[in-house]
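# Fold and geometry: a report
So the chains spell out like this:
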Amino acid sequence: MLMKPVQLRGKHLSLPIIQGGMGIGISRCRLAGAVAKEGGMGVISTAQVGYDEPDFRKDPEAANLRALPRQIRKAKEISGGKGLVGVNVMVVTRLYADYIRTVCEAGVDVIISGAGLPTDLPEYVKGYDVAIAPIVSSEKSARVILKLWDRRYHRTADFLVIEGPRAGGHLGFSNEELADIGTLDYDEEIRKILAVKESYEEKYGVKIPVFVAGGMFTPEDVKHALALGADGIQAATRFVATEECDACDAFKEAYIRAKEEDAVIIKSPVGMPGRALKNAFIDKMNANPGKVTYCFNCMKGCNPATAPYCISMALINAVKGKLDEGVIFCGSRVGEINKITTVPALMRELTV
């Protein structure tokens, strides 16, 4: 077996496979708990996690902060004490610090943070036994965040998630880089990031495991990541087409029907490029951008006065099955999915 267990701040991960966080509502307790039960790391997306609370529209902040601990608790119950349960918290979230402190109080095992550099994350987790990891997409971002945590907090990351250009959702790449990802030598970028973290391993006398994400679909992809020097992988898109995924059946069926050319780059209202399935909503917004009539005040960098649509409402519509009124985030290889499977079967397939 090529894959080996890893330690994340003393927390044992027997199978180094992370199920990536997917919002809104795609990866909550059912999916995260099922992945953890198989010995991996199940990740709950905190993005509008309380979208189906009865008072969500009236007070989304309270609904989200109330729903988070419940989702974490349920995921741990499903896991049966196996694996690890984590959360993904986007830096651009307005209630970032509140989310971090809430999940720490709830006893989450791991926090993964991206969509920006999580410069203050170590401050917010002080006093809690939780492993933390930034999502990085370049040598530069890895160097900046590790240097900052070292200088400001005298600590380093417990692990790293390297997210490549084939990932879904909001992406840490420019439109130019994403225009022709086939020309990017991302293997070399991964090697450079691995080299950056080695000096911090030496300084702190620890091992900083690395998980490669973005386009992780087959056992061959996993073997390739391990051959580059990674300790494991993070996969997200493949976990959507599972019985345990928290999305509705219509959302899952959209993945099964999708072709490679259906995965397109869109401009998100939060100011970042994103990858999603081309659908009637995307076509409509490209031809005739709408107007935001209600703001959930959820994201930094999103101006409701100029935004072509509300990203939260678009993602909520999609997870509820209103596909022609929503955004369906996906990875670049979504066209390779052709059936619904189960989390145990998928975990066995990816284990090498």
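Presented here is a report on the structure given in the accompanying data block.

Rules used throughout
Residues numbered from 1 in each chain as written. Predicted model: local features only at pLDDT ≥ 70, side-chain atom pairs only at ≥ 80, totals over all residues. Heavy atoms only, no water. Core = buried A, V, L, I, M, F, W, Y, C linked by side-chain atoms within 4.5 Å. Buried < 20%, exposed > 50% of the residue type's maximum accessible area, 1.4 Å probe, protein only. Contact = heavy atoms within 4.5 Å. Helix = DSSP H or I, 4+ residues; strand = E, 2+ residues; numbered from the N terminus. Axes fitted to C-alpha atoms, helices over the stretch in contact; angles between N-to-C directions. Parallel < 35°, antiparallel > 145°, perpendicular 65-115°, else oblique. Left-handed = near helix turned anticlockwise from the far one by under 90°. Disulfide = S-S within 2.5 Å.

In terms of nonpolar packing, the biggest core is built from 120 residues, with Ile100, Ile111, Phe239, Phe251, Tyr255 and Val327 touching the most fellow members. Contact partners of Val327, with chain neighbours within four places excluded, come to Ile266, Ala276, Phe281, Ile282, Tyr309, Ile311, Ala314, Leu315 and Ala318. Membership of the second largest hydrophobic core comes to 16 residues, among which are Ile18, Ala133, Val161 and Ala213.

Turning our attention to the side chain of Ser79. With respect to the secondary-structure elements, Ser79 resides in helix 2 (residues 60-79). What makes Ser79 buried here is its relative accessible area of 4%. The residues contacting Ser79, other than those within four sequence positions of it, are Gly33, Ala36 and Lys37.

Our next topic: the packing of helix 5 (residues 139-153) against helix 7 (residues 186-204). Closest axis-to-axis distance for the helix 5/helix 7 pair is 8 Å, and the angle between their directions is 15°. With respect to helix 7, the element helix 5 is oriented roughly parallel. Crossing hand, helix 5 versus helix 7: right-handed. Side by side, helix 5 and helix 7 meet where Glu139, Ala142, Arg143, Leu146, Lys147 and Asp150 of the first sit next to Glu189, Lys192, Ile193, Val196, Lys197, Tyr200, Lys203 and Tyr204 of the second.

A few words on the state of the cysteines. For the coordinates displayed, the defined rule picks out 0 disulfides. Cys29 provides the cysteine sulfur closest to Cys104, a residue in no disulfide bond, and the two sulfurs are 19 Å apart. Classification of Cys104 as buried rests on a relative accessible area of 7%. Cys298 forms no disulfide, and the closest cysteine sulfur to it belongs to Cys310, at a distance of 6.0 Å.

Another aspect to go through is helix 12 (residues 311-319). With respect to burial, helix 12 is a largely interior element, 8 of its 9 residues being buried. Ile311, Ser312, Ala314, Leu315, Ile316, Asn317, Ala318 and Val319 are the residues of helix 12 that are buried. On the buried face of helix 12, the contacting elements are helix 10 (249-257) and helix 11 (280-287). Of the residues flanking the end of helix 12, it is Gly321, one or two places downstream, whose phi is positive at about 100°.

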